[in-house]
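Summary of the model geometry
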Amino acid sequence: MIWNKKIECASRDEMAAIQSERLLSTVKRIYHNIPSYRAKMQEKGILPGDIKSVENLKDLPFTNKTDLRDNYPFGMFTVPMSEIVRLHASSGTTGKPTVVGYTRNDLQMWAEVVTRSLCMAGVHKNDIVQVAYGYGLFTGGLGLHYGTENLGATVIPISGGNTKKQIQLMQDFGSSVIACTPSYALFLSEALQEMGIDPESLNLRVGIFGAEPWSENMRKEIEAKLKIKAIDIYGLSEIVGPGVSCECTHQAGMHVNEDHFIPEIIDPENLQPVQPGEIGELVFSTVSKEGIPILRYRTRDLTRLIYDKCECGRTLVRMEKCMGRSDDMLIIRGVNVFPSQIESVLLEMSETEPHYLLIVERQGTLDILKIMVEVQEQFFSDEVRELEALRKKIRNNIQSTLGISVDVKLVEPKTIERTAGKAKRVIDNRKI
Amino acid sequence: MITKQVSVFLENKSGRLNEVTQILSDAEINISAFTIADTSDFGILRLIVSDPEKACEVLKQNQFSVKTTEVVLAKTPNQPGSLSKLLKVLSEGGSFIEYMYAFSMEQDSATIVIRPASIKKCMEILQSNKDNFLFQEGEFLL
């Protein structure tokens, strides 16, 4: 089923007309309400009147995560707080969290795009949807929740964790859809196996998986182990949360709800648009949001866009699974980790700059982050317990900063490769 | 006597110990004793050498993490009960030992390398118990 045929199957011209009209009003709204973005436009010599259609999108300045942080908490809002009915925020592992405010209309729009996504995934109103994404400031749980209700399906708002209960409710309530992170889906399948429960005995049919990178191989594994169709959903809190784009049952790229979020692909080096179909950094402009509209937000996710009509009949542009990041951010067990954060933890512990290397591995379904730290003169003690204490201290400090546990390995000085250019700080051995 | 022990940080990977001994050999430094304290990830090589300062210098030049630590060398008779006797004295005197190792090069004596929490205290205890350790006509302290 296609939830909003008029939009999802519109011709490219019709879509461009909708986007242009919405873009124009969004540019005006932002220009008049957000001083920092107005200054950026003025610096480029652009006035709202210069933006005539979606063709002019490329002339506008970018928005970065730092813009949101610099304006923490509400500086990017374009409506008074009296119109904001909900706040969500990122985890804030890299400093101040990024805060996003939704008006009543924003929440409706969000529910609409999630409903479209569920329909793309083959979910219908008779389904029972178990939402095992976290509820709270994180957008996953509540995003899927209101989309499911809007569709008219039944929602089980169980939130994340509590695996035994998840499985019990699957059995007792006959959940037909599970929404969670792909790694948790694998974890669930292992738990089922340990408990001796045949997935065929459950009513599960579809899984809606997002919030972390995952591969085609992982999809195959989840589909085989849980006996379901695994659908990829994409979103980021700065734009709207889940529902920015989602795969249809053909699983051939995620349809972007581009009447609300206009995607572009740029070269992350020179910031120019790439040729159609080429890989580059994904950039989004929201054109219907009231609370916190954003122009040309650099997601740092690398992907490409496919404009062909999909077999499902939708004309909405598709984005491929993200192939990596244009910055060095790692996603470890759902947590955003920048090597610079680990660096600053290490720097706080000593006068001298330590050399380090991050190695990410996937053991079973779990991401393991190993940190190799060089033992400099000032760290070195000839007593094992003191070196062990140092290792423990590094591990604890990183854990309290990042919120994830890591392995710390002490290595000899000068054994971590030095490069003249950008230091290679990360080796990602995960087969994603 | 008190001497300087040289400690080297080593990752657990093959060939590293060999590199250290090669560097010392090239610098014509003799190794009298050594021990390795190891964990699953790394080891600490502790050495008693003919020239600790020079050993430190050449190892640092080769980018090893090195440090020197003062240790006490005690000499005991090479016969049953002498280590036990030594430890009893130290323990009763309240000297806490971080680690120790020993070697026996001569027929009649053994050398114990002791890293006490307090060098001063350890020496005092050993000095004041000298008489208990007499073997043949000799000194037990090196």
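Residues numbered from 1 in each chain as written. Chains lettered and ligands numbered in written order. Predicted model: local features only at pLDDT ≥ 70, side-chain atom pairs only at ≥ 80, totals over all residues. Heavy atoms only, no water.

With respect to the overall build of chain B
If you tally the helices and strands in chain B, you get 4 helices and 6 strands. In sequence order, the secondary structure elements of chain B are arranged as β-α-β-β-α-β-α-β-β-α. Counting the 142 residues in chain B, one finds 48% classified as buried. With an accessible surface of roughly 7300 Å², chain B has 46% of that area assigned to carbon and sulfur atoms. (Helix = DSSP H or I, 4+ residues; strand = E, 2+ residues; numbered from the N terminus. Buried < 20%, exposed > 50% of the residue type's maximum accessible area, 1.4 Å probe, protein only. Areas by Shrake-Rupley, 256 points an atom, 1.4 Å probe, with all protein chains shown as cover.)

Some details on the overall build of chain A
Secondary structure assignment for chain A yields 11 helices and 21 strands. Among the 432 residues that make up chain A, the fraction classed as buried is 55%. If you take every contact in chain A between residues at least 6 apart in sequence, the share linking residues at least 24 apart comes to 64%. Approximately 18400 Å² of chain A is accessible, and the part contributed by carbon and sulfur atoms is 49%. (Contact = heavy atoms within 4.5 Å.)

Quick word on the sheet that holds strand β12 (residues 297–303) of chain A
All names here are of chain A. Strand order across the open sheet formed by 4 strands is β10-β11-β12-β15, with antiparallel pairing between neighbours. The sheet terminates laterally at β10 (261–266) and β15 (324–325), the two strands that pair on one side only. The pairing of β10 with strand β11 (residues 280–286) spans 6 bridges and is antiparallel. Each bridged residue has a counterpart across the sheet, and for Glu264 the counterpart in β11 is Val283. (Pairing = 2+ DSSP bridges.)

Some thoughts on the interface of chain B and chain A
Listed per partner, the contact involves 25 residues of chain B and 20 residues of chain A. The junction of chain B with chain A conceals about 1900 Å² of combined surface from both sides, 51% of it contributed by carbon and sulfur atoms. A salt bridge links Glu383 of chain A to Arg115 of chain B; the nearest nitrogen and oxygen atoms lie 4.0 Å apart. Seen at the junction of chain B and chain A, the total is 10 residue pairs in polar contact (both at pLDDT 80 or more). Of all elements in the fold, only β1 (2–11), β3 (42–49), β4 (66–77) and β5 (97–103) of chain B reach the threshold of two or more residues within the side of chain B that touches chain A. Per element, the largest residue contribution to the side of chain B that touches chain A is 6 residues, and it comes from β1 of chain B. A breakdown of the residues in the side of chain B that touches chain A according to their chemical character gives 10 nonpolar, 6 polar and 9 charged. (Buried area = accessible area lost by both parts, 1.4 Å probe. Salt bridge = Lys/Arg side-chain N within 4 Å of Asp/Glu carboxyl O. Polar contact = N/O pair within 3.5 Å; in protein donor to acceptor, adjacent residues only side chain to side chain. Nonpolar A, V, L, I, M, F, W, Y, C, P; charged D, E, K, R; others polar.)

Observations concerning the side chain of Ser95 of chain B
Relative to the elements of secondary structure, Ser95 of chain B occurs in the loop between α3 (82–93) and β5. With a relative accessible area of 9%, Ser95 of chain B lands in the buried category.

Comments concerning the nonpolar core
In terms of nonpolar packing, the biggest core is built from 72 residues, with Leu60, Val123, Ile208 and Phe284 of chain A touching the most fellow members. If one sorts the elements of this core by residue count, helix α5 (residues 104–120) of chain A sits on top with 8 residues. Once you skip the residues sitting within four places of it in the chain, Ile208 of chain A turns out to touch Leu118, Ala121, Val123, Tyr133, Leu144, Val177, Ile178, Ala179, Cys180, Ile231 and Ile233 of chain A. If you look at the next biggest cluster of nonpolar residues, it comprises 31 residues, including Val345, Leu358 and Ile371 of chain A together with Phe42 of chain B. (Core = buried A, V, L, I, M, F, W, Y, C linked by side-chain atoms within 4.5 Å.)

Here's the deal with the packing of helix α2 (residues 12–33) of chain A against helix α3 (residues 35–43) of chain A
Two numbers describe a pair of packed helices, the interaxial angle and the distance between the axes. Residue and element names in this part refer to chain A. With their axes 6 Å apart at the nearest point, α2 and α3 run at an angle of 110° to one another. The angle between α2 and α3 places the two elements in the roughly perpendicular class. In contact with Val27, Ile30, Tyr31, His32 and Asn33 of α2, α3 contributes Pro35, Tyr37, Arg38, Met41 and Gln42. Residues belonging to the contact of α2 with α3 are distributed by class as follows: 6 nonpolar, 3 polar and 1 charged. (Axes fitted to C-alpha atoms, helices over the stretch in contact; angles between N-to-C directions. Parallel < 35°, antiparallel > 145°, perpendicular 65-115°, else oblique.)

A closer look at the pairing of β4 of chain B
Residues and elements named next belong to chain B. Counting buried residues in β4 gives 9 out of 12 residues, a clear majority hidden from the surface. Strand direction decides the pairing type here: β1 and β4, joined by 7 bridges, are antiparallel. Bridging from a neighbouring strand, Val8 pairs with Val66 of β4.

Thoughts on helix α1 (residues 16–26) of chain B
All names here are of chain B. Among the residues of α1, those classed as buried are Arg16, Val20, Ile23 and Leu24. Along α1, the residues classed as buried sweep out an arc of 95° about the axis, all on the same side. In α1, the exposed positions angled more than 90 degrees off the buried face are occupied by Asn18 and Asp26. Summarising the contacts, the buried residues of α1 are in contact with β1, β2 (31–38), β3 and α2 (52–61). Just past α1, the residue Glu28 takes up positive phi, approximately 60°. (Arc of directions from axis to C-beta.)

Comments concerning a nonpolar patch on the surface
Residues and elements named next belong to chain A. Judged by side-chain polarity, Phe74, Met81 and Leu87 come together as a nonpolar surface patch covering roughly 240 Å² of accessible area. With respect to the element layout, Phe74 can be found in the loop between α4 (65–70) and β1 (84–89). Residue classification places Phe74 among the partly exposed positions, given a relative accessible area of 34%. (Patch = residues over 30% accessible without salt bridge, like charges linked within 9 Å, V, L, I, M, F, W, Y side chains within 5 Å.)

Overview of the pattern of salt bridges
The tally for this structure, following the rule as stated, stands at 34 salt bridges over all chains. A salt bridge links Asp327 of chain A to Arg325 of chain A, with the shortest nitrogen-to-oxygen separation between them at 3.1 Å. Assessed through its relative accessible area of 22%, Asp327 of chain A is described here as partly exposed. Two residues, Lys13 of chain B and Glu11 of chain B, come together in a salt bridge whose shortest N-O distance is 3.8 Å. We classify Glu11 of chain B as buried; its relative accessible area is 10%.

Observations concerning the sheet that holds strand β19 (residues 366–374) of chain A
Residues and elements named next belong to chain A. Pairing within the open sheet is mixed, and its 4 strands lie in the order β20-β19-β18-β21. If you trace the sheet from one side to the other, it starts and ends with β20 (407–411) and β21 (426–428), each paired once. Neighbouring strand axes in the sheet, compared pairwise and without regard to direction, differ in orientation by 20° on average. Of the pairings in the sheet, the one linking β19 to β20 comprises 5 bridges and is parallel in character. Residue pairing across strands places Ile371 opposite Val408, the latter belonging to β20.

Side note on the environment of Trp214 of chain A
Residue and element names in this part refer to chain A. Relative to the elements of secondary structure, Trp214 occurs in the loop between β6 (206–209) and α9 (216–226). The exposure class assigned to Trp214 is buried, which follows from its relative accessible area of 4%. Once the C-alpha coordinates of Trp214 and Ser183 are considered, the two residues, 31 residues apart in sequence, prove to be 8.2 Å apart. Within the structure, Trp214 has its side chain in polar contact with the side chain of Asp232 (distance 2.9 Å).

Section: the state of the cysteines
All names here are of chain A. Summed over the entire model, instances satisfying the criterion amount to 0 disulfides over all chains. Distance from the sulfur of Cys310, which forms no disulfide, to the nearest cysteine sulfur (Cys312) is 3.6 Å. On the accessibility criterion, Cys310 (6% relative accessible area) is buried. (Disulfide = S-S within 2.5 Å.)

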